[in-house]
Amino acid sequence: GENVEQHPSTLSVQEGDSAVIKCTYSDSASNYFPWYKQELGKRPQLIIDIRSNVGEKKDQRIAVTLNKTAKHFSLHITETQPEDSAVYFCAATLREGGADGLTFGKGTHLIIQP
Amino acid sequence: DTAVSQTPKYLVTQMGNDKSIKCEQNLGHDTMYWYKQDSKKFLKIMFSYNNKELIINETVPNRFSPKSPDKAHLNLHINSLELGDSAVYFCASTRQGAREQYFGPGTRLTVT
């Protein structure tokens, strides 16, 4: 089955700086890669996703890049703000909306220092 | 007008008991999931279910079983609860062919 590795486990950055979280996956058949943000005590919420036929996607201050050859994808957050502090999870799955669920990385605790 | 709801929000019970967690979605989605998040925050798929197939993660003990009375509900039954079952359980749903999985608010299960 799919295995997703995520690094770092904790990331502390100064407010206004950029943050980068990296993930690798094992199954070359995976074709959908979402990123979720989870605040303390809350549910995971989708912040951005990318399909395998796209190399990069951007939404305001967040962007995701995908390298299918190397089987890795990354989340980039620019101009970080205190409200960006949370745990971020990358995930991979074979099919969007398919019945095989998401395989998550182990999460990155992002801390924004004022 | 909550999209995905779960009950109860908190569940405290003793080892050996049998319990159920309910999940309902009002989005008209046809695929539902159960995830387990342990104390280290690791999120792991347990079950995926639509009207055509049930996919069970091979690491899930057979004490856990999903029950779907209709398309809008996927309940989780747990028999003979163990200490290691303590975790937050999230239900999620999606529409066939769609992208986003919508998560419920979670049920924090504590086994004493």
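What counts and how
Residues numbered from 1 in each chain as written. Chains lettered and ligands numbered in written order. Predicted model: local features only at pLDDT ≥ 70, side-chain atom pairs only at ≥ 80, totals over all residues. Heavy atoms only, no water. Phe/Tyr/Trp six-rings, centres within 6.5 Å; stacked < 30°, edge-to-face > 60°. Helix = DSSP H or I, 4+ residues; strand = E, 2+ residues; numbered from the N terminus. Buried < 20%, exposed > 50% of the residue type's maximum accessible area, 1.4 Å probe, protein only. Salt bridge = Lys/Arg side-chain N within 4 Å of Asp/Glu carboxyl O.

Undergrad: Explain the packing of aromatic side chains to me, please; I cannot follow it from the model alone.
TA: Here the distance between the centres and the angle between the planes together describe a pair of aromatic rings. Summed over the entire model, instances satisfying the criterion amount to 13 aromatic pairs over all chains. With a centroid separation of 5.6 Å and 70 degrees between ring planes, the pair formed by Trp 35 of chain A and Phe 73 of chain A is classed as edge-to-face. In this pair, Trp 35 of chain A is assigned in strand E4 (residues 32-38) and Phe 73 of chain A in strand E8 (residues 72-77), connecting sequence segments 38 residues apart. With respect to class, Trp 35 of chain A is no different from Phe 73 of chain A; both count as buried. Between the aromatic rings of Tyr 35 of chain B and Phe 103 of chain B, the centroid separation amounts to 5.3 Å while the plane-to-plane angle is 40 degrees, which identifies the pairing as tilted. Of the two residues, Tyr 35 of chain B is situated in strand E4 (residues 31-37) and Phe 103 of chain B in strand E10 (residues 102-103); the sequence distance between them amounts to 68 residues.

Undergrad: Looking at this structure, I do not really get the pattern of salt bridges. What am I missing?
TA: Two side chains carrying opposite charge are able to pair once their charged atoms lie near each other. Applying the stated criterion to the full structure yields 5 salt bridges over all chains. For Glu 39 of chain A, the salt bridge is made with Lys 37 of chain A, and the minimal N-O distance between the two is 3.6 Å. Overall, Lys 37 of chain A belongs to the buried group, its relative accessible area being 17%. Its salt-bridge partner being Asp 85 of chain B, residue Arg 63 of chain B comes within 2.8 Å of it at the nearest N-O pair. In this pair, Arg 63 of chain B is assigned in the loop between strand E6 (54-56) and strand E7 (64-67) and Asp 85 of chain B in the loop between strand E8 (75-78) and strand E9 (87-94), connecting sequence segments 22 residues apart. Here Arg 63 of chain B falls in the buried class, since its relative accessible area comes to 13%. For Asp 85 of chain B, a relative accessible area of 4% puts it in the buried group. Taken together, the shared-partner salt bridges connect Arg 63, Glu 82 and Asp 85 of chain B into one network.

Undergrad: Where do I start with unusual backbone geometry in this structure?
TA: Glycine aside, the phi torsion of most residues is negative, and most peptide linkages are trans. Cis rather than trans, the peptide bond between His 7 of chain A and Pro 8 of chain A has omega equal to -5 degrees. Within the secondary structure layout, Pro 8 of chain A lies in the loop between strand E1 (4-7) and strand E2 (10-14). Of note, the amide linkage connecting Thr 7 of chain B to Pro 8 of chain B takes the cis form, showing an omega dihedral of -5 degrees. Its identity as a non-glycine residue notwithstanding, Glu 79 of chain A has a phi of 50 degrees, on the positive side. Among the structural elements, Glu 79 of chain A can be located in the loop between E8 and strand E9 (86-92). Of note in this structure, Ser 80 of chain B is not a glycine but carries a positive phi near 45 degrees. Residue classification places Ser 80 of chain B among the partly exposed positions, given a relative accessible area of 38%.

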